[in-house]
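# Coordinate inspection notes
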There are 2 protein chains.
Amino acid sequence: MLPFARVTVIGLGLIGSSVTRAVRARMPTVRLTGYDADPSVRDTARAIELCDDVTDTAGASVIDADLVVLCVPVGAMGAVAAELAADLPADAIVTDVGSCKASVVEALQAALPGTTIVPAHPVAGTEQSGPEAGFATLFNHRWCILTPPEGTDPVAIERVASFWRNLGAEIETMAPEHHDRVLAVTSHLPHLIAYTIVGTASDLEEVTRSEVIKYSAGGFRDFTRIAASDPTMWRDVFLSNREAVLDMLQRFSEDLSALQRAIRWGKGDELFELFERTRAVRRSIVEEGQDDAAPDFGRSHE
Amino acid sequence: MLPFARVTVIGLGLIGSSVTRAVRARMPTVRLTGYDADPSVRDTARAIELCDDVTDTAGASVIDADLVVLCVPVGAMGAVAAELAADLPADAIVTDVGSCKASVVEALQAALPGTTIVPAHPVAGTEQSGPEAGFATLFNHRWCILTPPEGTDPVAIERVASFWRNLGAEIETMAPEHHDRVLAVTSHLPHLIAYTIVGTASDLEEVTRSEVIKYSAGGFRDFTRIAASDPTMWRDVFLSNREAVLDMLQRFSEDLSALQRAIRWGKGDELFELFERTRAVRRSIVEEGQDDAAPDFGRSHE
């Protein structure tokens, strides 16, 4: 039994277009409707046939939906929900893929009073953007975190969980505020740090940009991948999850100052002790199947 | 014509054992001698036949060498050079693979007065360590930076350049001090940041370690690879290249404070402007062949 028969995806970038591709691959009888605020994305979506139908307004896309998946930057969730509210069937369920949850839950509840909302965050992605960057296996073996507001109908939660499981994901449920703190450390802070260091390296006087690129295999290039992620999406994440991001950043800065001091005063033992601990974290991630065991991310050395 | 006929590799970890494997693959008639201060590494090196001969002292390994390649942590370069000095043939050339050059040049010149020294840094590696982690193609299409002291015999420089070219590397030459500033930004600072953030994430109270690992695909896992690099090697790098690392760290901290302030005050335009610039750096790195174009480092999503 399919959890939903008519699914609408709003926002057809990397994640939205991966959702439509995964639905096509895993639930081929579902009727898929899509919408994107950018007319050129709608044109591309039609040309590559991401959906059965691509509409020119958000409202038209949801008229007969039983599930609406919002795949827009978190700062745009409230506005797009308000835009489609009048056309949303009373029994439709709304879910989303936003990387922060407390602010999104609040925005969706305000825009869609009375609608059943089951917020979701599939922890998956690449550094690429746009309707052509998506692929059907993006959510395979990745976690999808549901953060349903208190009092949400358990049947609706289970239908949304079943939808994501059908796309290949594994489900976890937690409170929105806890989600935002966990993701602040496993995703938002890493992106912020990567954006910063790539910016720092671009702004040097005595080391040229061409040298930075040429010798990036020493470690820097790893950071550039994350720092190539979608600018609008990430601007919104940092503004929407501000408190948790600033708190994690404060802890990081304190730890960095401690290391800086250890280097300045030649305290090799302190450095060594930390570097041994961090090595063990990598081992756990590989052991638990959250990254490949191949050295250097399996990059080719031929 | 081979640049050297009898090559000794001191230190048989990831890099040293990759040098011996690459010599075997590319210059099979070279006679290879190896030494490592750790008896268990010597045993492994003998068992897996990394060299024609593995000696039990540094001195014995260099007796008839015409090239000695020092592949030990940069903090150990001076001591190992002093240990083999008495047995080094007068016409032997000494090179190394250290990640900082000014301190290494100084240590080697002090320990080996009168010896021809052509310091080198192949910008290549993985997060793994030990004699079994090496592979013959590690230096393929990677840059190897030579930092010969002023007045070094140009013929000796060319022979060492030719040696590294034979192992697959491309050669660049620069002053040791400039090398140390370039690598501080493309390699040392990224490692320091990665070690810090992995440490920060391990020390939280309200987010468990198992949650950090479980949701690491949001970006964090990329940092754990670099933070799994050899603790001794990296302790030595930070202590040996202290001034350049502290300077780059200061710039990074200033930039991070600016971003922190932008987030606190909701200045989305500042964030967006930076995130667009950093995206362009990634494009350049991929265009210049310093990283794979495949999204997500080509990780499997099946």
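Here the structure is a predicted model, which is why all the values come from computation and not from measurement.

Rules of the game
- Positions within a chain are numbered from 1, following the residues in the order the chain's sequence is written.
- To label them, take the chains in the order written and letter them from A, then take the ligands in the order written and number them from 1.
- For a predicted model such as this one, the threshold for reporting local features is a pLDDT of at least 70, and the threshold for listing and counting side-chain atom pairs is 80 or more; totals across whole chains, interfaces and linings nevertheless cover every residue.
- Heavy atoms throughout the structure, all of them, feed into the side-chain values; hydrogens and water do not.
- Each helix is a run of DSSP H or I of at least 4 residues and each strand a run of E of at least 2, with the numbering of both proceeding from the N terminus.
- UniProt positions are given in the numbering used here, feature names are shortened, and annotations may be inferred rather than shown by experiment.
- Inter-axis angles, ranging from 0 to 180 degrees, are taken between N-to-C directions of lines fitted to C-alpha atoms, where helices are fitted over the stretch in contact.
- Working definition: roughly parallel below 35 degrees, roughly antiparallel above 145 degrees, roughly perpendicular at 65 to 115 degrees, and oblique for all remaining angles.
- Left-handed is the label given to a crossing in which the near helix is rotated counterclockwise from the far helix by less than a right angle, and right-handed is the label when the rotation is clockwise.
- Working rule for contacts: check all heavy atoms of both residues, and any pair within 4.5 Å makes them a contact.
- The residue classification treats Ala, Val, Leu, Ile, Met, Phe, Trp, Tyr, Cys and Pro as nonpolar and Asp, Glu, Lys and Arg as charged. All others, Gly included, are polar.
- When DSSP finds two or more bridges between two strands, those strands count as paired.
- With the strands pointing away from the viewer, any crossover whose connection runs clockwise from the first strand over the helix to the second is right-handed.
- Domain delimitation follows an automatic or database domain assignment.
- Buried area: the sum, over both parts, of the accessible surface (1.4 Å probe) that disappears when the two are put together.
- For this document, the term salt bridge refers to a Lys or Arg side-chain nitrogen within 4 Å of an Asp or Glu carboxyl oxygen.
- Residues adjacent in sequence count toward polar contacts only when both atoms are side-chain atoms; beyond that, a polar contact is any pair of N or O atoms within 3.5 Å, and within protein one must be able to donate a hydrogen and the other to accept it.

## Comments concerning the environment of Thr232 of chain A
With respect to the helices, strands and loops of the structure, Thr232 of chain A is situated in helix α10 (residues 231-240). Between the alpha carbons of Thr232 of chain A and Met174 of chain A there is a distance of 26 Å; along the sequence they are 58 residues apart.

## Re the UniProt feature "domain: Prephenate/arogenate dehydrogenase" (unreviewed entry) in chain A
Using the residue numbers shown here, the UniProt feature "domain: Prephenate/arogenate dehydrogenase" (unreviewed entry) corresponds to residues 5-293 of chain A. Taken end to end, residues 5-293 of chain A is 52% helix and 11% strand, and its first and last C-alpha atoms sit 39 Å apart.

## Structural notes on the packing of helix α7 (residues 176-202) of chain B against helix α10 (residues 231-240) of chain B
Relative orientation and spacing of two packed helices are given, respectively, by the angle between their axes and the distance between those axes. Residue and element names in this part refer to chain B. Packing of α7 against α10 brings their axes to within 11 Å, and their N-to-C directions diverge by 120°. Looking at the two axes, α7 sits oblique to α10. Handedness of the crossing formed by α7 with α10: left-handed. Residues Ser187, His188, His191, Leu192 and Tyr195 of α7 lie in contact with α10, whose contacting residues are Trp234, Val237 and Phe238. Among the residues forming the contact of α7 with α10, the class breakdown is 5 nonpolar, 3 polar and no charged.

## Details of the pairing of strand β9 (residues 170-173) of chain A
All names here are of chain A. For strand β8 (residues 143-146) and β9, the ladder comprises 4 bridges, and the chain directions are parallel. For Cys144, the partnering residue across the bridge sits in β9 and is Ile171. With helix α6 (residues 154-166) bridging β8 and the parallel β9, this β-α-β connection has right-handed handedness.

## Structural notes on the domain arrangement of chain A
All names here are of chain A. Each assigned domain of chain A is listed here: domain 1 (6-174) and domain 2 (178-266). Each of domain 1 and domain 2 has a C-alpha centre, and these two points are 29 Å apart. Domain 1 puts 17 residues into the contact, and the matching count from domain 2 is 15 residues. When the buried area of domain 1 at its contact with domain 2 is split by residue, Ser99, Glu127 and Met174 rank highest and sum to 40% of it. Between domain 1 and domain 2 we count 1 salt bridge in total. For Arg225, the salt bridge is made with Glu127, and the minimal N-O distance between the two is 2.9 Å. At the surface where domain 1 touches domain 2, the tally comes to 7 residue pairs in polar contact (both at pLDDT 80 or more). Grouping the amino acids of the side of domain 1 that touches domain 2 by side-chain chemistry returns 8 nonpolar, 7 polar and 2 charged.

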